[in-house]
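Structural description and commentary
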Amino acid sequence: MTEIIFATNNAHKLSEVQAVLGEGFRLLTPRECGICEDIPETQPSLEGNASQKAHFIYDRTGRNCFADDTGLEVYALDGAPGVHSARYATDGHDFEANNRLLLKNMEGITDRRARFRTVISLILDGREYLFEGRVEGRIAEEPSGAEGFGYDPLFIPDGYSKSFAEMSAEEKNEISHRGRAVRKLVEFLRG
Ligand code: IMP
C-alpha cells in the first residue's frame, strides 16, 4: 500500500480521486499529517496553483504528495471563471452563487462551449511532475441534477444530454477532467 498526501480538504474530491486510484494507494489528507492551516493558492494559473499547493505540503512534511487545481473555462467569457472558479461570485466556495453568476454572465450568449481543465502537480522523491486532464462541453441554460459539486449542475459534457450533476460518481470519473488527470498520475505512479 503506497501512502501519498493529497493536498485537499474537499471530501468530494478526495473520494473521487481515491476511486480512480484504487486499492493500491491510500490517500492522506493534510489534516491527517498535522497541517491545519489553509493551503495557499495565490498564483495566476492552474499550473502555478497546483505547484504552489504541492510544494506547501512537501516543504512541511518531506513526503510524497500531489495537489490539483481545476478551472471551468468558458470560451465566450475569454476563459473565465478559469483560475478564479472557486471564488467567482464571492470570497468563499459558494457553489450556488457561482452558478447564478455564471448564468447571468451568459445571458444572451449562444456560444455555450466550455471546458474543465485540471492540472496535477506531483512531488515524488523531491522531483515535480505535472499532469493535465480536460473535458469539453457546454453550459446549460439552467441547473439540473443533485450529484457532484461546484459547476456540475451546469456542465453538459460533449456527447451527452445530461449534466455532470445527473451522473453517478463512476460515470463522471470516466470522462471528467480530474478523472483523466488522475489516471495519468496513476499510470505514472504504477510505472
Ligand atoms: P479546485 O481548484 O479543484 O478546488 O476547483 C476550483 C473550483 O472549480 C471549485 O470550487 C469548483 O467550483 C470548481 N470545480 C472543480 N472541480 C469541479 C468539478 O469536478 N465539477 C464542478 N466544479 C468543479
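The structure we're discussing is the one just above.
Quick caveat: nothing in here was measured; it's all calculated off a predicted structure.

**Things to note about the site of the ligand**
Taken together, 15 residues surround the ligand, and among them Lys13, Asp69, Asp152, Lys172 and Arg178 come closest. A distance of 3.1 Å is found between a nitrogen atom of the ligand and a backbone nitrogen or oxygen belonging to Tyr151. Note that an oxygen atom of the ligand is positioned 2.7 Å from one of the side-chain N or O atoms of Arg178. When the ligand is considered free in solution it has 470 Å² of accessible area, and contact with the protein chains removes 95% of it. Cavity membership is defined here by more than half of the atoms lying within 2 Å of grid points; on that basis the ligand lies in the largest pocket. Those elements that place two or more of their residues in the shell around the ligand are strand E3 (65–74) and helix H5 (177–190).

**Observations concerning the nonpolar core**
Considering soluble globular proteins, one finds that nonpolar side chains tend to be buried as a cluster. Residues Leu72, Val74, Leu102, Phe116, Ile139, Phe155 and Phe164 are the most contacted members of the largest nonpolar core, which totals 17 residues. At the level of elements, E3, helix H3 (95–105), strand E5 (113–124) and strand E6 (127–139) are the ones that each hand at least two residues to this core. In terms of nonpolar packing, the next biggest core, distinct from the first, is built from 15 residues, Phe6, Leu122, Val182 and Val186 among them.

**Side note on helix H2 (residues 46–61)**
Taking 1.5 Å of rise per residue, 16 residues should cover 22 Å, and H2 covers 23 Å from first to last C-alpha, within 8% of that figure. Of the residues making up H2, those classed as buried are Leu46, Asn49, Ala50, Ser51, Lys53, Ala54, Phe56 and Ile57. Directly beyond the C-terminal end of H2, a positive phi value near 70° is found at Gly62.

**Description of the pattern of salt bridges**
Per the stated rule, a full pass over the model turns up 19 salt bridges. The partner of Arg112 in a salt bridge is Glu141, with the nearest N and O atoms 3.9 Å apart. With Arg112 in the loop between H3 and E5 and Glu141 in the loop between E6 and strand E7 (155–157), this residue pair connects regions lying 29 residues apart in the sequence. Across the salt bridge formed by Arg117 and Glu132, the nearest N and O atoms sit 2.8 Å from each other. Taken together, the residues Arg117 in strand E5 and Glu132 in strand E6 connect sequence positions 15 residues apart. Arg117 gets classed as buried once you look at its relative accessible area, which sits at 10%. The exposure class assigned to Glu132 is partly exposed, which follows from its relative accessible area of 25%. Linked by salt bridges that have partners in common, Lys13, Glu16, Asp68, Asp152, Lys172 and Arg178 make up one network.

**Describing H3**
Those residues of H3 not exposed but buried are Ala97, Asn98, Asn99, Leu102 and Leu103. Those residues of H3 hidden inside the fold are in contact with E3, strand E4 (81–82) and E6.

**Concerning the packing of helix H1 (residues 11–21) against H5**
Two elements in contact, H1 and H5, have axes separated by 9 Å at closest approach and are oriented at 45°. Put simply, H1 runs oblique to H5. Taken as a pair, H1 and H5 cross one another with a handedness that is right-handed. Here Lys13, Glu16, Val17, Val20 and Leu21 of H1 come into contact with H5, specifically with Arg178, Gly179, Val182, Arg183, Val186 and Arg190. Of the residues in the contact of H1 with H5, the class split is 5 nonpolar, 1 polar and 5 charged.

About the cut-offs
For every chain, the first residue of the written sequence is number 1, and numbering continues from 1 along that sequence. Whole-chain, interface and lining totals are the exception, using all residues; otherwise, since this is a predicted model, local features are given only for residues with pLDDT of at least 70 and side-chain atom pairs are given and counted only at 80 or more. Excluding hydrogens and water, the side-chain values take into account all heavy atoms of the structure. We call a residue near a molecule or strand when any one of its heavy atoms sits within 4 Å of it. N or O atoms within 3.5 Å of each other form a polar contact, as long as, within protein, one can give a hydrogen and the other can take it, and as long as residues adjacent in sequence are counted only when both atoms are side-chain atoms. Note that accessible areas follow from Shrake-Rupley with a 1.4 Å probe, and for residues the cover is restricted to the protein chains shown. Think of a 1 Å grid over just the protein atoms. A cavity is a set of points where a 1.4 Å probe fits yet cannot get out, a pocket is an open set with protein on both sides within 12 Å along at least five of seven lines, and lining residues have an atom within 4 Å of a point. Each molecule is checked against the cavity or pocket grid, and it sits inside if more than half of its atoms lie within 2 Å of the grid points. Comment: elements are numbered from the N terminus, with helices defined as DSSP H or I runs of at least four residues and strands as E runs of at least two. What makes a nonpolar core is a set of buried Ala, Val, Leu, Ile, Met, Phe, Trp, Tyr and Cys residues whose side-chain atoms join them at distances within 4.5 Å. Residue exposure (1.4 Å probe, protein chains only): buried if accessible area is under 20% of the type maximum, exposed if over 50%, otherwise partly exposed. To estimate how far a helix should reach, multiply one less than its number of residues by 1.5 Å. For salt bridges, the criterion is a side-chain nitrogen of Lys or Arg within 4 Å of an Asp or Glu carboxyl oxygen. In this description, contact between two residues means that some pair of their heavy atoms is separated by no more than 4.5 Å. Helix axes are fitted to C-alpha atoms over the stretch in contact, other axes to C-alpha atoms as well, and angles between N-to-C directions run from 0 to 180 degrees. In these notes the angle categories are as follows: under 35 degrees is roughly parallel, over 145 is roughly antiparallel, 65 to 115 is roughly perpendicular, and the rest is oblique. In this scheme the crossing of two helices becomes right-handed for a clockwise turn of the near helix relative to the far one and left-handed for an anticlockwise turn of less than a right angle. Residue classes follow a fixed rule: Ala, Val, Leu, Ile, Met, Phe, Trp, Tyr, Cys and Pro count as nonpolar, while Asp, Glu, Lys and Arg count as charged, and any other residue, Gly among them, counts as polar.

Take it as geometry only, folks, not as evidence of what the structure does.
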